[in-house]
Amino acid sequence: MTQAYRTMAPADLILAWYDKHHRDLPWRVSPPMAAAGVKPDPYRIWLSEVMLQQTTVQAVKSYFALFTARWPTVADLAKADNEDVMKSWAGLGYYARARNLKKCAEAVAFEHGGVFPDTEDGLKALPGIGDYTAAAIAAIAFNRKSAVLDGNVERVISRLHAIETPLPAAKPEMRALVAAMTPEDRPGDFAQAMMDLGATICTPRRPACALCPLNADCRVLGRDDPELFPRKAAKKEKPVRLGAAFVAEDEDGAVFLRKRIESGLLGGMTEVPGSAWTARIDGDTATTAAPFPADWHPTGTVTHVFTHFELRLTVYRSRVPRGTAKDGGWWQPKATLDGEALPTVMKKAIKQAIPDAFDKTRNA
DNA sequence: AATTCGGGGGT
DNA sequence: ACCCCAGAATT
């Protein structure tokens, strides 16, 4: 015997850790549940994975509960009204996900007999399912040995192997390392374990290396600062854009809304009328960009940070007579504003002009 | 390979 | 203030 002891394979160490420390999540079939014979529902796995794209578990939970209660199966979602789906998604962000979610449900329900493809390639051919999500569904829902690489796993792998290549160039190398590490047995649990590890132990700041099941194998621990991994390309600064928003309220307390075009930023969502969002703004915007002539007066500014720019909206308000022209939009009663497909920035603008607009007790 | 897509929570 | 988050689609 040339070694004093044999170390367990990293995959076995991670699975053993996962059996003890896994988190209970609404879409997860935990090891005890699996032992009791519970099988994952591909619909719920898919729905959760799409919602979790660039979105935290905490933010997803309430939306996942809402969607699964309202649309329990992929067939239900396929038959749903597009606008109802957008309204239910409002606030979660990245609205192309909601549009693709609906398209994907229709494809599965109407072209695949209501059954999700059970291979990575088959899944990836569906709208809104890319490299990560296809691998994750294949592994978690269908027990396929696919290499699941998300932001958590990138961090774990980059530290474990001290990868110096910056992201995103390092992705192929990382995926190969994950593939080599993924076990034949329990690949779905392995994927979830790696993500849990990145979310709770191998964190971006102050990782709990002392508690990590892989600390004996980590190439960074003890040699460099784990917080410096993964290496990443420098990011560019966010420009500021300016704009005006117009909140009109009629004598019945209804607010004038309109629908944005289907593509691009906040595509297909509801908005209050406004100017274009540009680097500079001229002085007579209030008179040129308003939806109709009225006694517009400024109420203040709201700031909203998008992924690639910061928006500062000057919010104008007016009180107009009942029956004011509604070209290009509609009048929405304040009591039902909360059910509209309003993205967060639009809710901010309305609240700036009408502070109690979303107060259910006042508007009921 | 770069850019465009939201929003919120942690530090 | 800055970081990141179970990324995908488009250019």
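Above this text you will find the structure in question.
Analysis parameters
- Along each chain, the written sequence defines residue order, and numbers are assigned to residues from 1.
- All chains are assigned letters beginning at A, and all ligands numbers beginning at 1, according to the order in which they are written.
- Residues qualify for local features only when their pLDDT is at least 70, as the model is predicted, and side-chain atom pairs are given and counted only at 80 or more; totals for whole chains, interfaces and linings, by contrast, use all residues.
- As a rule here, side-chain values come from all non-hydrogen atoms in the structure, and water together with hydrogens is ignored.
- Nonpolar cores are built from buried Ala, Val, Leu, Ile, Met, Phe, Trp, Tyr and Cys residues. Side-chain atoms within 4.5 Å join them into one set.
- Using a 1.4 Å probe on the protein chains alone, a residue whose accessible area is under 20% of its type maximum counts as buried, one over 50% counts as exposed, and one in between counts as partly exposed.
- Helix numbers and strand numbers start at the N terminus; a helix is a DSSP run of H or I with at least 4 residues, a strand a run of E with at least 2.
- Throughout, the edges of the domains are those of an automatic or database domain assignment.
- Residues are treated as being in contact if the distance between any of their heavy atoms lies within 4.5 Å.
- What the arc describes is the spread of directions from the helix axis to the C-beta atoms.
- Any carboxyl oxygen of Asp or Glu that lies within 4 Å of a side-chain nitrogen of Lys or Arg is treated as forming a salt bridge with it.
- By convention in these notes, a residue is near a molecule or strand provided one of its non-hydrogen atoms lies within 4 Å of it.
- Under this definition, polar contacts are N or O atom pairs within 3.5 Å; protein pairs additionally need one hydrogen-donor-capable and one acceptor-capable atom, and for neighbouring residues in sequence, both atoms have to be side-chain atoms.
- Ten residue types, Ala, Val, Leu, Ile, Met, Phe, Trp, Tyr, Cys and Pro, are classed as nonpolar, four, Asp, Glu, Lys and Arg, as charged, and the remainder, Gly among them, as polar.
- Pairing of aromatic rings covers Phe, Tyr and the six-membered ring of Trp, with a centre-to-centre limit of 6.5 Å; geometry is then stacked below 30 degrees between planes, edge-to-face above 60, and tilted otherwise.
- By definition, being over a ring means that NZ of Lys or CZ of Arg is both within 6 Å of the ring centre and within 35 degrees of the ring normal.
- To obtain each axis, a line is fitted to C-alpha atoms, and for helices this fit is confined to the stretch in contact; angles are then taken between N-to-C directions over 0 to 180 degrees.
- Our angle categories are set so that under 35 degrees counts as roughly parallel, over 145 as roughly antiparallel, 65 to 115 as roughly perpendicular, and the remainder as oblique.

Help me out: how do you make sense of the nonpolar core in this one?
Taken as a class, soluble globular proteins show a tendency for nonpolar side chains to be buried jointly. By size, the foremost hydrophobic cluster in this structure holds 99 residues, and its most contacted members are W46, M51 and W89. Ranked by the residues each element gives to this core, the list is headed by helix α9 (residues 131–142), at 9 residues. Counting contributing residues, this core receives three or more from each of domain 1 (10–228) and domain 2 (240–363). Discounting residues that sit within four places of it in the chain, M51 has contacts with V60, Y63, F64, F67, W89, L92 and R97.

Teacher, can you tell me more about helix α6 (residues 82–89) here?
An α-helix turns once every 3.6 residues. As a result, residues three or four positions apart point the same way. For α6, the complete set of buried residues consists of V85, M86, S88 and W89. Around the axis of α6, the buried residues are gathered within 165 degrees of arc, so they sit on the same side. Packing partners of the buried residues in α6 comprise α3 (42–51), α4 (57–70), α5 (74–79) and α7 (96–111). Residue G91 follows α6 closely and has a positive phi angle near 105 degrees.

Could you clarify how one ought to interpret the pattern of salt bridges in this entry?
When charged atoms on two side chains of opposite charge get close, those side chains can pair. For the structure on display, the rule yields 25 salt bridges. One salt bridge in this structure joins E271 and R260, with 2.8 Å as the shortest N-O distance. Of this pair, E271 sits in strand β3 (residues 270–271) while R260 sits in the loop between β2 (254–259) and β3, and the two are 11 residues apart along the sequence. Of the residues examined, R260 reaches a relative accessible area of 18% and is grouped as buried. With a shortest N-O distance of 3.0 Å, E310 and R312 are connected by a salt bridge. The partly exposed category is assigned to R312, whose relative accessible area is 39%. A network of salt bridges, in which partner residues are shared, links E249, R317, R319 and K334.

I tried to follow helix α14 (residues 344–353) on my own but got confused; where do I start?
For α14, the full list of buried residues reads V345, M346, A349, I350 and A353. Projected down its long axis, α14 carries its buried residues within an arc of 135 degrees, all on one side. Residues of α14 that are buried in the fold lie against β1 (240–250), β2, β3, β4 (297–305) and β5 (310–320).

When you look at the environment of V50 in this model, what are you seeing that I'm missing?
Locating V50 in the fold gives a position in helix α3. Between the alpha carbons of V50 and F142 there is a distance of 17 Å; along the sequence they are 92 residues apart. Non-local contacts of V50, meaning those with residues more than four positions away in its chain, are made with W89, R97 and L101.

What should I look at first to understand the protein's contact with DNA strand C in this one?
Taken together, the neighbourhood of DNA strand C is formed by 27 residues, with E49, G128, T133, D150 and R155 sitting nearest. Of all DNA strand C atoms lying within 4 Å of any protein atom, the proportion belonging to sugar or phosphate reaches 68%. Within the side chain of E49, an N or O atom sits 3.0 Å from a base nitrogen of DNA strand C. Between a phosphate oxygen of DNA strand C and a side-chain N or O atom of N152, the distance comes to 2.8 Å. When contributions to the surface near DNA strand C are tallied by element, the ones reaching two or more residues are α9, α10 (151–160) and α12 (187–200). Across the surface near DNA strand C, the residue classes break down as 8 nonpolar, 9 polar and 10 charged.

I'm lost on the packing of aromatic side chains in this one. Help?
Any aromatic ring pair is given by two values, namely how distant the centres are and how the planes are angled relative to each other. Summed over the entire model, instances satisfying the criterion amount to 14 aromatic pairs. Seen from their ring centres, F246 and W296 are 5.1 Å apart, and the 70 degrees between their planes marks the pair as edge-to-face. Here the residue F246 occupies a position in strand β1, and W296 occupies one in the loop between α13 (285–288) and β4, the gap between them amounting to 50 residues. Linked through ring pairs, F246, F256, F292, W296, Y316 and W331 together constitute an aromatic cluster. Between the NZ or CZ atom of R241 and the centre of the ring of F309, over which it lies, the distance is 3.9 Å.

Would you mind showing me how to read the protein's contact with DNA strand B here?
Near DNA strand B, the surroundings consist of 18 residues, among which Q54, Y95, L266, H304 and T307 are the closest. In DNA strand B, atoms within 4 Å of the protein come 63% from sugar and phosphate. Within the contact set of DNA strand B, a base nitrogen lies 2.6 Å away from a side-chain nitrogen or oxygen of T307. Considering only residue class, the surface near DNA strand B consists of 8 nonpolar, 9 polar and 1 charged.

What's the story with the packing of α4 against α6 in this structure? I'm lost.
To characterise two packed helices, one gives the angle between the axes of the helices and the distance between these axes. Orientation of α4 relative to α6, taken along the N-to-C sense of each, is 155 degrees, at an axis distance of 10 Å. Taken together, the axis directions place α4 and α6 in an arrangement best described as roughly antiparallel. Taken together, the residues of α6 that come into contact with α4 (itself represented by Y63, L66, F67 and R70) are D84, V85, S88 and W89. For the contact of α4 with α6, the per-class residue count stands at 5 nonpolar, 1 polar and 2 charged.

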